Number of protein chains: 2
Amino acid sequence: MADVAAKERRILVAVDEGDESMHALSWCLSNLISENSKDALLLLYVKPPRAVYSTLDGTGYLFSSDIMAAMDRHGYDVAESVLEKAKRMCKDLHDVKVESIIEDGDPRDVICQMTQRLGVDVLVMGSRGYGLIKRAFLGSVSNHCAQNVKCPVLIVKKPKSTVANN
Amino acid sequence: MADVAAKERRILVAVDEGDESMHALSWCLSNLISENSKDALLLLYVKPPRAVYSTLDGTGYLFSSDIMAAMDRHGYDVAESVLEKAKRMCKDLHDVKVESIIEDGDPRDVICQMTQRLGVDVLVMGSRGYGLIKRAFLGSVSNHCAQNVKCPVLIVKKPKSTVANN
């Protein structure tokens, strides 16, 4: 059996605004990464395309360019905020290189593409990413990724009884 | 961050005749379990119900009871053989308690039930379990389990270029 601590793996964790993806990151930190690990931890936030927000708001086609620009800025602020929170959870990792990445697009496609492009060894994600409403438009992100990425996929659900630990 | 080695987790690995589930076990041994781990490793083989074999053979309803009994014995022999192979892969685990379990039924339901009944902390499985033909009848086992079990699920695909290491 190999020594877990001696590995240098590339672990991609898909994070979003939901508690579940933070729980998935937390589970990954406790169970997959040891303190002496030399792994690279890649935190990926995918900003869904503007069309998704517009559709959700119902009247997207009426928005002025100012409002659209403000929505875009808001989208980046959310992304930065989520990634900051995720990075704070990784502060005790001494030898692990933590990197945060923001990408635009359909999370299903982008997560699969980035997993391949970055040569990831394992993809970690929650099961209900991108919220109930967005999921109705996007379909289940974790299902899609589990079926389409080539590397191992770890899907972590947040226990209903657990108090958010993030 | 917790110390991976100090944990006492219950890890359920669903194994079958395919190389992919053995690859999933191998990945689990290399990436999820450290040498000093006190984890319990539960190896589960689910023997699909006789109806599946009969249907596959097309003329199942004509079989005599002798043939049916022989098929049942063959099913158990296969189960034992798969579990022996899996246990041999775990021979270097010193402090990990390795247990093998044979259950009958639809693998999708049985794996989900056993995960809950055994208080499993993480379920590990291949993505294409139970062969191409049986899957046509049973549906994708890993999809079903990923959607229905409450604990984290690790789905490990076998890289096409990898030579079987079991």
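Summarised in this report is the structure supplied together with it. Keep in mind that what you see is a predicted model, and the values were worked out from it rather than measured. (Residues numbered from 1 in each chain as written. Chains lettered and ligands numbered in written order. Predicted model: local features only at pLDDT ≥ 70, side-chain atom pairs only at ≥ 80, totals over all residues. Heavy atoms only, no water.)

### Some words on the relation of the copies chain B and chain A
Quick reminder of the rule: Superposing copies: least-squares fit, C-alpha atoms only, residues required to have pLDDT of at least 70 in both.
With an RMSD of 0.0 Å, chain B superimposes on chain A once it is rotated by 180° and translated 0.0 Å along the axis. Taken together, the turn and the small shift mark the pair as related by a two-fold rotation axis. Measuring from the rotation axis to each C-alpha of chain B, the shortest distance belongs to Leu154 of chain B, at 2.1 Å.

### Considering the nonpolar core
Counted only if it meets this: Residues grouped as a nonpolar core are buried Ala, Val, Leu, Ile, Met, Phe, Trp, Tyr and Cys residues, joined through side-chain atoms within 4.5 Å. In this scheme, a residue with accessible area under 20% of its type's maximum is buried, one over 50% is exposed, and one in between is partly exposed, where area comes from a 1.4 Å probe on protein chains only. Whether two residues are in contact is decided by their heavy atoms, any of which lying within 4.5 Å being enough.
Residues Leu32 and Leu41 of chain A together with Leu32 and Leu41 of chain B are the most contacted members of the largest nonpolar core, which totals 52 residues. Leave out the neighbours within four places in its chain, and Leu41 of chain B touches Ile11, Val13, Leu25, Leu29, Ile33, Cys90, Leu93, Val96, Lys97, Val98 and Glu99 of chain B.

### As for the interface of chain B and chain A
Size of an interface: often given as the accessible area lost when the parts come together. As a reminder, the rule being used: Simply put, the buried area is the total loss of 1.4 Å probe accessible area from both parts when two parts are fitted together. One speaks of a salt bridge when a side-chain nitrogen belonging to Lys or Arg is within 4 Å of a carboxyl oxygen belonging to Asp or Glu. Pairs of N or O atoms are called polar contacts if they sit within 3.5 Å, as long as, within protein, a hydrogen donor faces a hydrogen acceptor (for residues adjacent in sequence, only side-chain-to-side-chain pairs). Starting at the N terminus, helices and strands are each numbered in turn, a helix being any DSSP run of H or I of at least four residues and a strand any DSSP run of E of at least two. Under the scheme applied here, ten amino acids are nonpolar (Ala, Val, Leu, Ile, Met, Phe, Trp, Tyr, Cys and Pro), four are charged (Asp, Glu, Lys and Arg), and all others, including Gly, are polar. For two strands to be treated as a pair, DSSP must find no fewer than two bridges joining them.
On the chain A side, the residues contacting the 30 residues of chain B number 31 residues. Summing the contributions of chain B and of chain A, the shared interface buries around 2,700 Å²; its carbon and sulfur component is 56%. Connecting chain B to chain A are 0 salt bridges. The interface formed by chain B and chain A includes 11 residue pairs in polar contact (both at pLDDT 80 or more). Broken down by secondary-structure element, the contributors of at least two residues to the side of chain B that touches chain A are helix H1 (19-31), helix H6 (141-148) and strand E5 (153-156) of chain B. Across the side of chain B that touches chain A, the residue classes break down as 17 nonpolar, 6 polar and 7 charged. Two strands pair when backbone bridges link them, and strand E5 (residues 153-156) of chain A and E5 of chain B are joined in this way by 3 bridges, in the antiparallel orientation. Bridging from a neighbouring strand, Leu154 of chain A pairs with Leu154 of chain B of E5 of chain B.

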